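Observations on chain architecture
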Amino acid sequence: MLANKEWKEKSVLVLQGGGALGSYQAGAYAALHEAGYDPDWLAGISIGSINSAIIAGNPPDQRVKKLRAFWELVSSNLQMPHVSFGEQGRVLYNRLNAGLVAAWGVPGFFKPHSPWAFLNPFYPAGNHKISVYDTSPLKDTLLELIDFDRINNGDIRLSVGAVNVKSGNFTYFDSKKIEIRPEHIMASGSLPEGFPPIEIDGEWYWDGGLVSNTPLQYVIDEQYRDDMCIFQVDLFSAEGPMPEDLFDVSQRISDIRYSSRTRLNTKVFKQTQQVRHTIARLLREYPDQTVLDDKDLKLLKHWSCDSAITIAHLIYRQKEYEVHSKDYEFSRLSVNEHWQSGLEDVQFTLAQPEWINRKRPVDGVKVFDFKHKRTG
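Definitions and limits used
Residues numbered from 1 in each chain as written. Predicted model: local features only at pLDDT ≥ 70, side-chain atom pairs only at ≥ 80, totals over all residues. Heavy atoms only, no water. UniProt positions renumbered as here; feature names shortened; annotations may be inferred. Helix = DSSP H or I, 4+ residues; strand = E, 2+ residues; numbered from the N terminus. Buried < 20%, exposed > 50% of the residue type's maximum accessible area, 1.4 Å probe, protein only. Pairing = 2+ DSSP bridges. Expected span 1.5 Å × (residues − 1). Contact = heavy atoms within 4.5 Å. 1 Å grid on protein atoms, 1.4 Å probe; cavity = no way out; pocket = protein on both sides within 12 Å on 5 of 7 lines; lining within 4 Å. Points joined across faces, edges and corners; volume = space filled by probe spheres on them. Nonpolar A, V, L, I, M, F, W, Y, C, P; charged D, E, K, R; others polar.

**Focus on the UniProt feature "short sequence motif: GXGXXG" (unreviewed entry) in the chain**
Taking the numbering used here, the UniProt-annotated feature "short sequence motif: GXGXXG" (unreviewed entry) corresponds to residues 17-22. Between the first and last C-alpha atoms of residues 17-22 the distance is 7 Å; the span itself is 0% helix and 0% strand.

Laid out in structure tokens, this is it:
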């Protein structure tokens, strides 16, 4: 069960980008759903935006089913019976499957452009000139699995991040502000150079992970005056072993790059929220504010904030046999393992006494980060 609460708070699910690792988020949501978690707001980047849209675009009793349908579709290229690989055998298996994805794409997600388009100098200009893959299959998948009328007219708020190709500006497509269409979800996950930019209302957009791979800051900036319980589900861990070869180096670079912004956002937010709480307390305790002119008083009231934010930080921690291609290794075996890891991590978090007995944060923010140590 979720923690017993004596105060009202909005429930928010924040989902990071990370390709094939996104099935960890789906498993995490499955556990939250089973525990009675009902999100008021979903915010995602890249694969996180796809998972978020599937959740927001379906009734509660269909969400896990539709998430499972998506992840079974995209992992249908290579399936193997349960066998004992051994660590080296599993590394080879993962690399083989990642190679197949690179060569042939992923069902219902993306496919390679025709080689003829690359080789023929007279072939008409198009996305094949600026991307390796065609993501048109994803649009059909989104339309099949998601009710966009529900997203735009339902009770759950959906926000997905993307980057304007020409201006370089980061933007969020927010169902509270605009009508969300399949193109907005696709834009959030259009990572160059693999995927082409997506055109929306005359502008072109790439994957939001180019600027920030987690939407935590947007959620905080948009709703910082409300009490919130945020489940932040990240797919890259800052912690990792010392690299042994160039493949390991590539993997560590990705892990550090995509996790650093999350840690920075959380640290800055905690400091800022504490200052806002202090300002709010001082304004309450010292009602005689005649010593302040109107401009200063207005500024202090703007920055004062008495809201309380609880963040449950869930991080996918890679297994020893996973290699640098883990974010595009879509085998059914790996997808199911990631799903199970997300489910178990949420169950572990919700079972902790510190979580069950949590109180409204006195200083404005409390972060929980329970490390679930697995065997095998």
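Continuing now.
**Notes on the environment of G208**
Within the secondary structure layout, G208 lies in the loop between β8 (203-207) and α9 (216-223). As a C-alpha pair, G208 and N164 span 44 residues in sequence and 8.9 Å in three-dimensional space.

**A look at the pairing of strand β2 (residues 41-45)**
Most of β2 sits out of view: five of its five residues are buried. Covered by surrounding structure in β2 are W41, A43 and I45 together with L42 and G44, the residues of both alternating faces. Looking at chain direction, strand β1 (residues 10-15) and β2 are connected through four bridges and run parallel. If you follow L13 over to β2, its bridge partner there is L42.

**Regarding helix α1 (residues 23-34)**
In an α-helix there are 3.6 residues to a turn, and that puts residues three or four apart on one side. Under the 1.5 Å per step criterion, the end-to-end length of α1 is 17 Å for 12 residues, consistent within 8% with the ideal 16 Å. Of all the 12 residues making up α1, 10 are buried; the element is thus mostly covered by neighbouring parts of the structure. Those residues of α1 not exposed but buried are S23, Y24, Q25, A26, G27, A28, Y29, A30, A31 and L32. Along its buried surface, α1 packs onto β1, α2 (47-56), α3 (63-74), β9 (228-234), β10 (309-315) and α12 (332-350). Positioned one or two residues after α1, G36 has a phi angle of 95°, which is positive.

**Regarding the environment of W303**
Along the chain, W303 falls in helix α11 (residues 294-303). Here the alpha-carbon distance between W303 and Q273, two residues 30 residues apart in the chain, equals 9.5 Å. Once residues lying within four places of it in the same chain are set aside, the contact partners of W303 are R276 and I279.

**Some words on the pairing of β10**
Taking burial as the measure, the seven residues of β10 include seven buried ones, the bulk of the element. Neither face of β10 is exposed, since I309, I311, H313 and I315 on one face and T310, A312 and L314 on the opposite face are all buried. Where β9 and β10 come together, seven bridges link them in parallel fashion. In the sheet register, F231 faces β10, and the bridge partner there is A312.

**Quick notes on the layout of surface pockets**
Empty pockets left among the atoms are what a rolling probe the size of a water molecule brings to light. Of the voids in this model, the second largest pocket is the one considered here, and its volume is about 780 Å³. In terms of lining, the second largest pocket is formed by 33 residues, of which the most central are G19, L191, F195, D327 and Y328. Of all elements in the fold, only α2, α4 (87-104) and α10 (246-285) reach the threshold of two or more residues within the lining of the second largest pocket. In terms of residue class, the lining of the second largest pocket is made up of 16 nonpolar, 12 polar and five charged.

**Re empty space enclosed by the protein**
A full pass over the atoms with the stated rule returns two cavities of 30 Å³ or more. In this structure, the second largest cavity occupies an estimated 40 Å³ of space. Residue lining of the second largest cavity: N94, E322, V323, S325, K326, E329, S334 and H338, and that is the complete set. Among the residues making up the lining of the second largest cavity, the classes are represented as one nonpolar, four polar and three charged.

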